[in-house]
Amino acid sequence: MAACIANSSESTSSSPFSLNSNQCQARSKFCRSSFPNLVSCKTNNRAGKKVSCSSKNILLVDDEDEDEDEQLWLKIREEALCDLEQEPMLSKYYHSSILSHVSLESALANQLAMKLGNADIASDALKEILLSVFAEDDEMMRRAIRDDLRAVRERDPACLSYVHCLLNFKGFLACQAHRVANKLWSQGRIVMAHLLQSRISEVFAVDIHPGARIGRGILLDHATGVVIGETAVIGDNVTILHNVTLGGTGKVSGDRHPKIGDGVFIGAGTKVLGNIRIGEGAKIGAGSVVLKNVAPKTTSVGNPARLVGGK
């Protein structure tokens, strides 16, 4: 595709969401044609059954020099074509969501905008904002998006494919929308950041304050009911299940939320409260209430949480 699917023919000069010339130039990098329209379509599903696609319009791409990011995007397109072999009636949906886009950022911005937009907030305007943030924070945002995508695919047995995650996993989508809200928050665009937080909460049932800092390789499994407070910090490669709260005790202000180390696993229904630290590689059992620091590479369970079995 040589053009970005962003309804660019419509003027945005009078819109309160309109971009300046530098932002427009930055976001254009996600609208250039840099990938083949046709890719191979051969994959294995979770059940171990081989799925082959016989479309005559499919071209095998096998370039050892291709960038890893390009390979991931080509894999997503490949999976989309395979899905269409099985469900042709989804052709329009897959085309508008995946196959009409030339980059992962463009497809992601479109997916988030379609879900978060409403009668008062146009999807096109939201998409412009999302694309501009992806472009401004180029390398860090690109790495985080791809690491999150791989984390879901590798750590969630229910994830069938990358395209399945991109289109259907609300934990992944909520996390990427939060990354945009956090960037806006850091730029002083408080109103827009809070607006995104509100829409994320309404649409995905995930409430993350835009001030919260989140690392890469994050898996929000199921994600419903996840609440993360303003001063919370989450490291890399963290897994958080549904109905988890990283909140305050209600007794202090300022820096009042948990700090989660790299590689931590937090079970469903867990409440981690206060400015406490969960050490690297620690595991918190489902339904626990954690009020004190948890040492690295230990397991804690219960209410109140207690150490189980040492390191």
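Before reading on, note that the structure itself is shown above.
The structure presented is a predicted model; accordingly, all values stated were derived computationally and were not measured. (Residues numbered from 1 in each chain as written. Predicted model: local features only at pLDDT ≥ 70, side-chain atom pairs only at ≥ 80, totals over all residues. Heavy atoms only, no water.)

J.: Sorry, what's going on with the nonpolar core here?
T.: For soluble globular proteins, nonpolar side chains are generally found buried alongside one another. Core analysis: the largest hydrophobic core is formed by 73 residues, its most contacted members being Ile76, Ile98, Phe172 and Ile278. For this core, the leading source of residues is helix α8 (residues 170–186), giving eight residues. In this structure, Ile278 is in contact with Lys259, Ile260, Gly261, Val264, Val272, Ile284, Val290 and Val294, ignoring residues within four places of it in sequence. (Core = buried A, V, L, I, M, F, W, Y, C linked by side-chain atoms within 4.5 Å. Buried < 20%, exposed > 50% of the residue type's maximum accessible area, 1.4 Å probe, protein only. Helix = DSSP H or I, 4+ residues; strand = E, 2+ residues; numbered from the N terminus. Contact = heavy atoms within 4.5 Å.)

J.: Could you clarify how one ought to interpret the pattern of salt bridges in this entry?
T.: Side chains that differ in charge, positive against negative, can pair when their charged atoms come close. One pass over the structure, following the stated rule, counts 10 salt bridges. The salt bridge partner of Arg199 is Glu202, with a shortest N-O separation of 2.5 Å. Here the residue Arg199 and the residue Glu202 both occupy positions in helix α9 (residues 190–204), the gap between them amounting to three residues, near one helical turn. Among the residues examined, Arg199 registers a relative accessible area of 11% and is labelled buried. We classify Glu202 as exposed; its relative accessible area is 54%. Here Lys259 and Asp255 are joined by a salt bridge, their closest N and O atoms 2.7 Å apart. Lys259 sits in the buried class, given a relative accessible area of 10%. One network of salt bridges, in which partners are shared, links Glu105, Arg142 and Arg146. (Salt bridge = Lys/Arg side-chain N within 4 Å of Asp/Glu carboxyl O.)

J.: Looking at this model, I keep getting lost on unusual backbone geometry. Mind explaining?
T.: Peptide bonds are mostly trans, and most non-glycine residues show a negative phi. With an omega of -5 degrees, the peptide bond running from Asn303 to Pro304 counts as cis. Position of Pro304 among the secondary structure elements: in the loop between β16 (299–301) and β17 (306–307). Here the phi dihedral of His222 falls at roughly 70 degrees; this positive angle occurs in a residue that is not glycine. Position of His222 among the secondary structure elements: in the loop between β5 (219–220) and β6 (227–228). Phi at Ala223 takes a positive value of approximately 75 degrees, unusual for a residue other than glycine. By relative accessible area, which is 0% here, Ala223 ends up buried.

Keep in mind these values describe shape, not function.
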